[in-house]
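Coordinate analysis (summary)
Chain by chain, the residues:
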Amino acid sequence: MRKLLRYDMQSFSKLWWIATIAVGGFFAIATVCMRGLMWLDSYEITVSMPAWEVPLRIVCILGLIISLFASTAYFVLVIVFIIRRFYTHLYTDQGYLTFTLPVKRSQIFGAKLAMGWIYYTAAQLVFAIGFFLFLLIGTAEHGFINADIFTGIGNIFSSLWESLGWRSIVLGFELLVLLCVSNAMTLLFFYTCITVASVLVKRMKLLLGIGIYYGLTNIFTFILQIFFILIINTDILMYISMLEETQIKNVVLLLVALVTLVVMTVSWVLFRFNVHLMRKKLNLA
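Source: prediction; values computed, not measured.

**Quick look at the overall build of the protein chain**
Each helix and strand in the protein chain was counted, giving 9 helices and 0 strands. In sequence order, the secondary structure elements of the protein chain are arranged as α-α-α-α-α-α-α-α-α. Partitioning the intrachain contacts of the protein chain with sequence separation of at least 6 by distance along the chain shows that 77% fall at a separation of at least 24. Per element, the accessible surface of the protein chain, about 17600 Å² overall, is 74% carbon and sulfur.

Shown next, in the form of structure tokens:
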């Protein structure tokens, strides 16, 4: 499995780096446009508005909107690359070669999942760093950076520590684990839909898989909405509010842990279901 993962990582790295450099460029453009708008606002206060002020402001606004939109689309692009690679390597003509490798199908699927998870999680980290730098530099009214951002972050952590104490560390760890497991479940859900589509039809597999994904997503969203409505309309929230402060903090930690456990369980079921379909039901002939 290590060799499979290494091969997938190396062959996908070029596309990922191109997309990452591109999103870095878009964030840089957005930062320049934001600083330009702030400079124009301060320029209007000191001198009369010149003729080039309106066109420059329009350019900065459009550049800011387009750059931020393109940066947000980075997530979609990374997901498309990962899913396209999964589909191409397993369920097209290239799948014949992939499944003749002297490894188990569970290892093949595991390598694809690990590669997708690493690049998807790395894309989230890149986006978070880029957006943070955009806020840090782009919103600075004086100097190169906006030091108030560090002050605000420090106040948030101080407030969490004052209200939760050591539980804030546990909560942060739980949320980090939940994020990692949720990324795996997101990819597994995509992979499952494509695998099911490949079992059902011989053509238009990817299109059917995307259709199954969005159909199931809408169904699950509707079920979750009903679930939250039922919670709001019951006495659960009232009972929680009657607890002591320490008990409420423990309940929050327990709920996050339970959600993480549910996501892990669903991810494991999806993984085994995919492997089962690839072993028993999939026919590339």
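There is more to say, and it comes next.
**As for the nonpolar core**
Within the largest apolar cluster, 42 residues are counted, with the highest numbers of intra-cluster contacts made by Ile82, Phe109 and Tyr191. Of all elements in the fold, only helix 1 (2-46), helix 2 (53-91), helix 4 (105-138), helix 6 (167-200), helix 7 (205-232) and helix 9 (245-281) reach the threshold of two or more residues within this core. Per element, the largest residue contribution to this core is 11 residues, and it comes from helix 2. Each residue touching Ile82, except ones within four places of it in the same chain, is listed here: Phe12, Gly116, Tyr119, Tyr120, Leu187 and Tyr191.

**Things to note about the packing of aromatic side chains**
For the coordinates displayed, the defined rule picks out 13 aromatic pairs. With a centroid separation of 3.9 Å and an interplanar angle of 10 degrees, the aromatic rings of Phe86 and Tyr191 are classed as stacked. Highlighted residues: Phe86 in helix 2 and Tyr191 in helix 6, separated in sequence by 105 residues. Among the residues examined, Phe86 registers a relative accessible area of 1% and is labelled buried. Among the aromatic residues, those joined into a ring-pair cluster are Phe86, Tyr91, Phe109, Tyr191 and Phe271.

**Here we look at the layout of surface pockets**
In this structure, the second largest pocket spans a volume of roughly 260 Å³. Lining the second largest pocket are Phe75, Val76, Ile79, Val80, Ile83, Arg84, Phe190, Leu206, Ile210, Tyr213 and Tyr214. For the lining of the second largest pocket, the secondary-structure elements that each account for two or more residues are helix 2 and helix 7. Counting residues per element, the lining of the second largest pocket draws most heavily on helix 2, at 6 residues. Of the residues that constitute the lining of the second largest pocket, the class distribution is 10 nonpolar, no polar and 1 charged.

**Some details on the packing of helix 4 against helix 6**
Working note: a packed helix pair is described by the angle between its axes plus the distance between those axes. At a minimum axis separation of 9 Å, helix 4 and helix 6 run at an interaxial angle of 125 degrees. Here helix 4 is positioned oblique relative to helix 6, judged by the angle of their axes. The two elements helix 4 and helix 6 cross, and the hand of that crossing is right-handed. Across the interface between the two elements, Phe109, Lys112, Leu113, Gly116, Trp117, Tyr120, Thr121 and Gln124 from helix 4 touch Leu179, Cys180, Asn183, Ala184, Leu187, Leu188 and Tyr191 from helix 6. Tallied by class, the residues present in the contact of helix 4 with helix 6 amount to 10 nonpolar, 4 polar and 1 charged.

**Thoughts on a nonpolar patch on the surface**
A contiguous nonpolar patch, built from Ile219, Phe220, Phe222, Ile223, Ile226 and Leu230 and spanning about 580 Å² of accessible area, is present on the exposed surface. Since its relative accessible area comes to 46%, Ile219 is described here as partly exposed.

**As for helix 2**
Residue pairs three or four apart in sequence face the same way in an α-helix, which turns once every 3.6 residues. The terminal C-alpha atoms of helix 2 lie 55 Å apart, and with 39 residues this matches the ideal 57 Å at 1.5 Å per residue to within 8%. The largest bend along helix 2 reaches roughly 30 degrees and is located at Tyr74.

**A look at the side chain of Asn146**
One can find Asn146 in the loop between helix 4 and helix 5 (148-164). Ignoring anything within four residues of it in the chain, the contact list for Asn146 reads Leu135, Leu136, Thr139 and Ala140.

Definitions and cut-offs
- Residues numbered from 1 in each chain as written.
- Predicted model: local features only at pLDDT ≥ 70, side-chain atom pairs only at ≥ 80, totals over all residues.
- Heavy atoms only, no water.
- Helix = DSSP H or I, 4+ residues; strand = E, 2+ residues; numbered from the N terminus.
- Contact = heavy atoms within 4.5 Å.
- Areas by Shrake-Rupley, 256 points an atom, 1.4 Å probe, with all protein chains shown as cover.
- Core = buried A, V, L, I, M, F, W, Y, C linked by side-chain atoms within 4.5 Å.
- Buried < 20%, exposed > 50% of the residue type's maximum accessible area, 1.4 Å probe, protein only.
- Phe/Tyr/Trp six-rings, centres within 6.5 Å; stacked < 30°, edge-to-face > 60°.
- 1 Å grid on protein atoms, 1.4 Å probe; cavity = no way out; pocket = protein on both sides within 12 Å on 5 of 7 lines; lining within 4 Å.
- Points joined across faces, edges and corners; volume = space filled by probe spheres on them.
- Nonpolar A, V, L, I, M, F, W, Y, C, P; charged D, E, K, R; others polar.
- Axes fitted to C-alpha atoms, helices over the stretch in contact; angles between N-to-C directions.
- Parallel < 35°, antiparallel > 145°, perpendicular 65-115°, else oblique.
- Left-handed = near helix turned anticlockwise from the far one by under 90°.
- Patch = residues over 30% accessible without salt bridge, like charges linked within 9 Å, V, L, I, M, F, W, Y side chains within 5 Å.
- Salt bridge = Lys/Arg side-chain N within 4 Å of Asp/Glu carboxyl O.
- Expected span 1.5 Å × (residues − 1).
- Bend = angle between axes of the 7 residues up to and from the residue.

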